[in-house]
Amino acid sequence: MPERIGVIGAGYVGLVTGACLASMGHQVTLRDIDEAKVRMIEGGDPPIHEDGLRQLMHECRDRLRATLDLGEMLEASQIVFIAVDTPPTHSGDADLSRVMTVLDELEQIGATGDHVLVMKSTVPVGTGERVRAELDKRGLEHVGYCSNPEFLKEGVAIADFLSPDRVVIGDFRAADGDAVAALYEPLGAPILRTSVPTAEMIKYASNAFLATKISFINEIANVCEEVGADVTEVAEGMGLDARIGPKFLSAGVGFGGSCFPKDVSALKQLAGNSGYHFQLLTSVIEVNELQKRRVVGKLKRHLGDLENKEIALLGLAFKPGTDDMREASSVVLAARLLAEAASVRAYDPVAIDAARHTVRGVEFYDDPWACVTGADAVVLVTEWPEIVGLDWPKVAQVMRGDVLVDGRNALDPADAVAAGFAYEGIGRVAPS
Ligand code: UDX
């Protein structure tokens with residue numbers, strides 16, 4: 001049955017959630033405080049870069065609208081997803097001021113029993129209980145509250161929403177959880193019903209586990225370099241064990257993005273606040289920080305002092321398919337190289353504009369050839385297909401030097417050596 005859905009926060013998660021629910025036949029009203037964003041969405045224009053989103057918004061334009069007016073959105077909806085950012089405060093707790101504004105407005109418009117608030121944003125465990133208490137304090141006992149964490153990967157977020165591995169719903173009252181579960185039933189995925197704190201913890205534990213998997217394989221890679229083993233084959237051999245699985249075992253220059261670094265730190269803080277020292281996560285974070293910097297050591301081994309050396313970074317986004325620069329490994333790497341007085345150039349197929357605001361002192365190119373011509377060393381930082389698919393023998397020819405650091409193990413070492421490169425991967429030994 002079509003429902004009236006509201007989504008507060010038309011950012012990455014909110015917009016994808018809204019558009020997907022509209023595509024499933026529901027009437028969706030998005031609300032955002034950014035006027036330009038609201039205008040773009042009303043004009044059918046997605047304010048973020050996400051594959052398939054424009055098409056999806058176009059297909060369900062009759063059922064998807066956006067407004068600046070929170071009251072209007074609340075009146076047009078029964079189930080209200082909250083997808084605002086909940087940035088961590090200095091103590092590691094979530095800043096809930098935006099969520100509290102919603103509760104104030106609900107109180108003002110005299111929300112009826114119909115509303116169910118559904119927290120999509122990642123929030124520290126215990127947030128739901130705090131919001132529940134605030135609702136009750138405001139005389140909004142009848143307003144429902146559920147936790148329904150998102151597990152969307154940038155670049156494939158629409159597919160992740162419409163074909164999820166699982167849907168997690170935590171509730172205080174079964175009827176509220178039933179209403180949210182009904183929305184997801186047509187997707188045919190397993191729906192896990194649980195308490196609100198457990199749902200909140202599932203999100204953190206999942207992301208922290210995936211980040212641990214990456215830091216683990218990165219450490220294995222570093223040991224492989226010492227003992228002459230090849231981490232890509234080690235990962236393949238490990239991944240064939242059904243208990244381990246092949247995913248998230250690609251060694252590289254570390255994980256970035258808007259979720260992993262933030263969520264791993266938040267879980268560590270959360271544990272600390274409740275008196276538990278989460279030792280493993282401390283290492284996961286530290287390994288990731290060191291991993292971003294190891295490239296500098298590899299470059300120095302070949303080039304010696306990096307002063308005035310021309311280093312070309314290919315790829316800046318934290319992963320392919322996005323212009324997202326948040327916590328991208330390229331930022332730390334560029335800053336380290338600049339600190340070594342190297343001259344840093346960079347190319348990315350879509351993230352150049354976003355990168356300009358993030359890293360200063362780098363020369364940006366929108367053409368990979370201009371970027372690599374005359375370089376002493378090239379570092380493959382993000383495995384965009386247009387970068388991996390470059391004519392590498394030609395890259396070797398136009399460079400001044402011959403050093404190639406493949407930060408994502410995306411190239412064939414034998415081919416690279418045959419093309420004339422001094423090749424360095426992550427955790428693999430190039431044939432001499
Ligand atoms: C992630 C989670 O996958 C998603 O469930 C959550 O809701 C939000 O965070 P996303 O940040 O879009 O999604 O990126 P993801 O594809 O998971 O990659 C995260 C980072 O890990 C990237 O920097 C990527 O390059 C790195 N990574 C991933 C590795 O270094 N090795 C791997 O094997 C996998």
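Here the structure is a predicted model, which is why all the values come from computation and not from measurement. (Residues numbered from 1 in each chain as written. Predicted model: local features only at pLDDT ≥ 70, side-chain atom pairs only at ≥ 80, totals over all residues. Heavy atoms only, no water.)

Undergrad: How would you explain the site of the ligand if you had to name every residue and give the values?
TA: The environment of the ligand is made up of 18 residues, and the closest members are E154, S250, C259, F318 and K319. In this structure, an oxygen atom belonging to the ligand sits 2.7 Å away from a main-chain N or O atom of E154. One of the backbone nitrogen or oxygen atoms of S250 is found 2.9 Å away from an oxygen atom of the ligand. Considered on its own, the ligand offers 680 Å² of accessible surface; in the complex 91% of this is hidden by protein. The dominant element in the shell around the ligand, judged by the number of residues it contributes, is helix α9 (residues 196–227), at three residues. Grouping the constituent residues of the shell around the ligand by class yields nine nonpolar, three polar and six charged. Split by domain, the shell around the ligand shows at least three residues from each of two domains, domain 1 (4–194) and domain 2 (228–424). (Near = heavy atom within 4 Å. Polar contact = N/O pair within 3.5 Å; in protein donor to acceptor, adjacent residues only side chain to side chain. Areas by Shrake-Rupley, 256 points an atom, 1.4 Å probe, with all protein chains shown as cover. Helix = DSSP H or I, 4+ residues; strand = E, 2+ residues; numbered from the N terminus. Nonpolar A, V, L, I, M, F, W, Y, C, P; charged D, E, K, R; others polar. Domains from an automatic or database assignment.)

Undergrad: How would you sum up the packing of helix α12 (residues 279–303) against helix α13 (residues 329–339)? Please name residues and give values.
TA: At their nearest, the axes of α12 and α13 sit 8 Å apart, and the two run at 40° to each other. Taken together, the axes of α12 and α13 are oblique relative to one another. For the pair α12 and α13, the crossing hand works out as right-handed. Across the interface between the two elements, K292, R293, V295, V296 and L299 from α12 touch S329, V332, L333, R336 and L337 from α13. (Axes fitted to C-alpha atoms, helices over the stretch in contact; angles between N-to-C directions. Parallel < 35°, antiparallel > 145°, perpendicular 65-115°, else oblique. Left-handed = near helix turned anticlockwise from the far one by under 90°. Contact = heavy atoms within 4.5 Å.)

Undergrad: Just give me the short version of the side chain of S215, but keep the residues and values in it.
TA: Its location among the elements puts S215 in helix α9. When near neighbours in sequence (up to four residues on either side) are disregarded, S215 contacts F255, V284, V287 and N288.

Undergrad: Before we move on, can you summarise the pattern of salt bridges with the specific residues and values?
TA: Across all of its chains, the model carries 31 salt bridges by this definition. For K137, the salt bridge identified is with E134, shortest N-O distance 3.4 Å. Taken together, the positions of K137 and E134, both in helix α6 (residues 127–137) and three residues apart, correspond to about one turn of that helix. Measuring nitrogen to oxygen at the nearest pair gives 2.8 Å for the salt bridge that ties R243 to D241. A network of salt bridges, in which partner residues are shared, links D104, E107, E134, K137 and R138. (Salt bridge = Lys/Arg side-chain N within 4 Å of Asp/Glu carboxyl O.)

Undergrad: If you had to explain the sheet that holds strand β13 (residues 403–406) to someone new, which residues and values would you point to?
TA: Spatially, the six strands line up as an open sheet ordered β11-β10-β9-β12-β13-β14, and their pairing is parallel. Every interior strand has two partners, whereas the edge strands, β11 (363–365) and β14 (422–424), have only one. This sheet shows a mean twist of 20° between the axes of neighbouring strands, independent of strand direction. The pairing of strand β9 (residues 310–314) with strand β12 (residues 377–380) spans four bridges and is parallel. Paired with I311 across the two strands is A377, which belongs to β12. Against the sheet, α12 contacts β9, β12, β13 and β14, and its axis sits at roughly 160° relative to β13. Against the sheet, α13 touches β9, β10 (343–347) and β12, its axis set at about 175° to β9. (Pairing = 2+ DSSP bridges.)

Undergrad: Tell me about the nonpolar core, residues and numbers included.
TA: Within the largest apolar cluster, 60 residues are counted, with the highest numbers of intra-cluster contacts made by L299, L313, L337, V378 and W392. Residues L56, A83, V118 and L183 belong to the second largest nonpolar core, which totals 37 residues. (Core = buried A, V, L, I, M, F, W, Y, C linked by side-chain atoms within 4.5 Å. Buried < 20%, exposed > 50% of the residue type's maximum accessible area, 1.4 Å probe, protein only.)

Undergrad: So what about the state of the cysteines? Which residues, and what values?
TA: Going through the model one piece at a time under the given rule, you end up with zero disulfides. Among the cysteines around C60, which has no disulfide bond, C20 carries the closest sulfur, lying 8.4 Å off. (Disulfide = S-S within 2.5 Å.)

Undergrad: Residue-level account of the sheet that holds strand β7 (residues 167–171), with values.
TA: Sheet architecture is open: eight strands sit in the order β3-β2-β1-β4-β5-β6-β7-β8, paired in mixed fashion. Across the chains shown, the open sheet's two edge strands, defined by having one partner strand only, are β3 (64–67) and β8 (191–194). The average angle at which neighbouring strand axes cross in this sheet is 25°, direction not considered. Pairing of β7 with β8 involves four bridges; the strand directions are parallel. Residue pairing across strands places V168 opposite L192, the latter belonging to β8. In this fold α9 packs onto β6 (144–147), β7 and β8, with an angle of close to 145° to the strand it touches most, β7.

Undergrad: Provide a residue-level description of the environment of A221, including the pertinent values.
TA: Mapped onto the fold, A221 is located in helix α9. The class of A221 is buried, set by a relative accessible area of 0%. Spatially, the C-alpha atom of A221 lies 51 Å from that of H115, the residues being 106 residues apart in sequence. Non-local contacts of A221, meaning those with residues more than four positions away in its chain, are made with V231, A251, I426 and G427.

Undergrad: Outline the pairing of β10, listing residues and values.
TA: Burial within β10 is extensive, with four of its five residues counted as buried. Strand direction decides the pairing type here: β9 and β10, joined by five bridges, are parallel. Residue I311 lies in a different strand from β10, and its bridge partner there is V344. This β-α-β element, β9 to α13 to β10, shows right-handed connectivity. Looking at chain direction, β10 and β11 are connected through three bridges and run parallel. Across the sheet, residue Y347 finds its bridge partner in β11, namely Y365. Between the parallel elements β10 and β11, the chain passes through helix α14 (residues 352–358) in a crossover that is right-handed. (Right-handed = clockwise from strand over helix to strand, strands pointing away.)

Undergrad: Run through the environment of V38, naming residues and quoting values.
TA: Of note, V38 is situated in helix α2 (residues 35–42). The class of V38 is buried, set by a relative accessible area of 9%. When the C-alpha positions of V38 and L380 are compared, they lie 37 Å apart, and in sequence the two are 342 residues distant. With near-sequence residues (within four places) excluded, V38 lies in contact with D32, A66, T67 and L68.

Everything listed is a geometric property; what it means functionally is a separate question.
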